[in-house]
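Residue strings, one per chain:
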Amino acid sequence: MANFIVLLGPPGAGKGTQAEILSENLNLVHISTGDIFRENLRNETELGLLAKGYMAKGELVPDDVTNEMVRDRISREDTREGGALLDGYPRTPDQAQALAAMLEDIDGKVLCVPYIAVPASVLVERLSGRWTCPVCSTPYHPVSKPPKVAGICDHDGAALVQREDDKPATVKNRIDVYMENTAPLIDFYQKQNILVEVDGTQDIDQVSADLLRAIKARM
Ligand code: AP5
């Protein structure tokens, strides 16, 4: 049975940062719906153009579009057989139900849902200081995760950029949208006994260590 791990947490909690570390440690495919939308946006595909308006305002892309995109990605052989680390999906109760149905179809299951808890006051500072690689999506921060060479991605040498939706007003809306639509999933997965809360205010290495310990305990 293919195991899926759902990384839950508000914008800026460190999902992308930790997903990079966990996928390497656990040899799991990393699927970030935000990265897929951004890639489509760069390539100006129909999906990218549709997502653009929602993302710029910090709103969620409609569930039916997002679910279809994830169904398509999850049905590929690598994830059907080896599972995946889901970063940024599901983020509504409808998406959580859709994921459960998708996994039933491929004989997979959600093994655990690490919830990276970080208070809103910390999120704003993190997101306004974030620089991201436009090629591999690795996030950096001048204080907590500086690149080896200022402004350049450690992995592929690309010039780092700031995300359009990291402007303060958009960040505020993203946090509000998270509170209204995504935070209810904490309770949803807690009731299934698969939620594990990790303190996301610790330094990056400590958060990774806590996450790895929690996930491995359930493997
Ligand atoms: P998405 O790309 O998923 O953004 P998000 O969920 O808002 O999360 P972020 O990528 O902003 O933050 P993160 O938790 O990954 O933090 P990071 O590791 O970068 O979604 C973007 C948009 O796409 C959405 O608004 C929506 O429009 C659309 N979308 C995506 N999925 C969707 C879905 N399922 N349904 C509908 N719409 C969807 O870290 C942040 C910063 O903090 C970095 O600078 C990092 O270096 C630093 N940092 C990380 N950890 C620490 C630490 N422990 N201590 C100090 N600094 C740290």
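The rules behind each value
- Residues numbered from 1 in each chain as written.
- Predicted model: local features only at pLDDT ≥ 70, side-chain atom pairs only at ≥ 80, totals over all residues.
- Heavy atoms only, no water.
- Pairing = 2+ DSSP bridges.
- Helix = DSSP H or I, 4+ residues; strand = E, 2+ residues; numbered from the N terminus.
- Axes fitted to C-alpha atoms, helices over the stretch in contact; angles between N-to-C directions.
- Contact = heavy atoms within 4.5 Å.
- Salt bridge = Lys/Arg side-chain N within 4 Å of Asp/Glu carboxyl O.
- Buried < 20%, exposed > 50% of the residue type's maximum accessible area, 1.4 Å probe, protein only.
- Parallel < 35°, antiparallel > 145°, perpendicular 65-115°, else oblique.
- Left-handed = near helix turned anticlockwise from the far one by under 90°.
- Nonpolar A, V, L, I, M, F, W, Y, C, P; charged D, E, K, R; others polar.

## Thoughts on the sheet that holds strand S1 (residues 2–7)
And then number 1: Spatially, S2-S3-S1-S4-S7 is the arrangement adopted by the five strands of the open sheet, whose pairing is parallel. Both outer strands of the open sheet, strand S2 (29–32) and strand S7 (195–199), are each paired with one neighbouring strand and no more. Direction aside, neighbouring strands of the sheet carry axes that sit 25° apart on average.
And then number 2: Of the pairings in the sheet, the one linking S1 to strand S3 (residues 84–87) comprises four bridges and is parallel in character. When the bridges of S3 are listed, Val-6 appears paired with Leu-86.
And then number 3: Contacting S1, S3 and strand S4 (108–117), helix H6 (residues 93–105) crosses the sheet at an angle of about 145° to S4.

## Let's talk about the pattern of salt bridges
Close approach of charged atoms allows side chains of opposite charge to pair.
And then number 1: Taken as a whole and assessed by the stated rule, the structure comprises 13 salt bridges.
And then number 2: Of the charged contacts in the structure, one is a salt bridge between Lys-145 and Glu-20, with a shortest N-O distance of 3.4 Å. Taken as a pair, Lys-145 in the loop between strand S6 (139–140) and helix H8 (168–182) and Glu-20 in helix H1 (residues 15–26) lie far apart in primary sequence, 125 residues in all.
And then number 3: A residue is classified by how much of its surface remains accessible, and Lys-145, at 22% relative accessible area, is partly exposed.
And then number 4: Of the charged contacts in the structure, one is a salt bridge between Asp-166 and Arg-130, with a shortest N-O distance of 2.9 Å. Separated by 36 residues along the polypeptide, Asp-166 in the loop between S6 and H8 and Arg-130 in the loop between helix H7 (120–128) and strand S5 (131–132) bring together distant segments of the chain.
And then number 5: A relative accessible area of 7% means that Asp-166 is categorised as buried.
And then number 6: Judged by relative accessible area, Arg-130 falls into the buried class, the value being 13%.

## Considering the packing of H1 against helix H10 (residues 204–216)
And then number 1: It is at 10 Å that the axes of H1 and H10 come closest, and there the two elements cross at 50°. Taken together, the axis directions place H1 and H10 in an arrangement best described as oblique. Once H1 is placed against H10, the crossing between them reads as right-handed. Where H1 approaches H10, its residues Thr-17, Gln-18, Ile-21, Leu-22, Asn-25 and Leu-26 are matched on the opposing element by Ile-204, Val-207, Ser-208, Leu-211, Leu-212, Ile-215 and Lys-216.
And then number 2: Residues belonging to the contact of H1 with H10 are distributed by class as follows: eight nonpolar, four polar and one charged.

So far we have only geometry, and geometry alone does not tell us how the molecule works.
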